[in-house]
Amino acid sequence: LHLSGVRLAPKDRSFSVEIQDVRLGYSLWNLIKYGFSPHKVTHEVILIHPVVVVYKSSLGKEGKSAEKEWLGFKKMLEELNAIKRITVREAEVILEDSSGKKLRMTHSLDGCFRALSADSASVRLTGKLLESRDNNLAMEGSLSLLSGKPLRMFVNIKESVPSSELPFLLPSYIKVTG
């Protein structure tokens, strides 16, 4: 199955996701066993050029709305437990402030999320931090699918020239040099 131009956002609008291309791979055995029930037969998802926009005003907000959103996401994960691998190609993560100014945090992210068990997944991504032209970011670890939080995460950032856009994130009294 192939979907183009997919857009997702939680009710609280804390972030949004736009995906250029979504491809779903099916298990023939599960197709025979369950019929055409997408949540039971899909075993692999490929996301091509997903763009995640996180709204700065929502950062650090925890509480009942975040917990409610996670419970909805958790229920969806339970229904999609046949998916064993999610592959990501050319992903971007963008931070947007309340005035609409955007900072591309990462781009050209490639990698995968792989189900380890019913309650955890491994993560392996490489890409470019800020406006780097070279791959300078590698992340590897595991996530809890019960809490939505990392169990362990290793992040390796190679030396590179810092972006002039960093002041958007940092107070004016901090200067970043490379």
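Our structure's up above, just so we're on the same page.
Residues numbered from 1 in each chain as written. Predicted model: local features only at pLDDT ≥ 70, side-chain atom pairs only at ≥ 80, totals over all residues. Heavy atoms only, no water.

(A) Local environment of unusual backbone geometry. In the Ramachandran plot, Ser 108 falls in the positive-phi region, its phi being about 55° despite a non-glycine side chain. By the element assignment, Ser 108 lies in strand β5 (residues 102-117). The phi angle at Leu 130 is positive, at roughly 50°, despite the residue not being glycine. Among the secondary structure elements, Leu 130 is positioned in the loop between β6 (120-129) and β7 (137-144). (Helix = DSSP H or I, 4+ residues; strand = E, 2+ residues; numbered from the N terminus.)

(B) Inspection of the sheet that holds β5 at higher detail. Pairing is mixed across the open sheet formed by eight strands, whose spatial order is β1-β2-β3-β4-β5-β6-β7-β8. The open sheet has two edge strands, β1 (2-8) and β8 (150-157), and neither has a second partner. Pairs of neighbouring strands in the sheet enclose a mean axial angle of 15°, with direction left out of account. Here β7 pairs with β8 via seven bridges, running antiparallel. Directly across from Gly 141, in β8, lies its bridge partner Met 153. (Pairing = 2+ DSSP bridges. Axes fitted to C-alpha atoms, helices over the stretch in contact; angles between N-to-C directions.)

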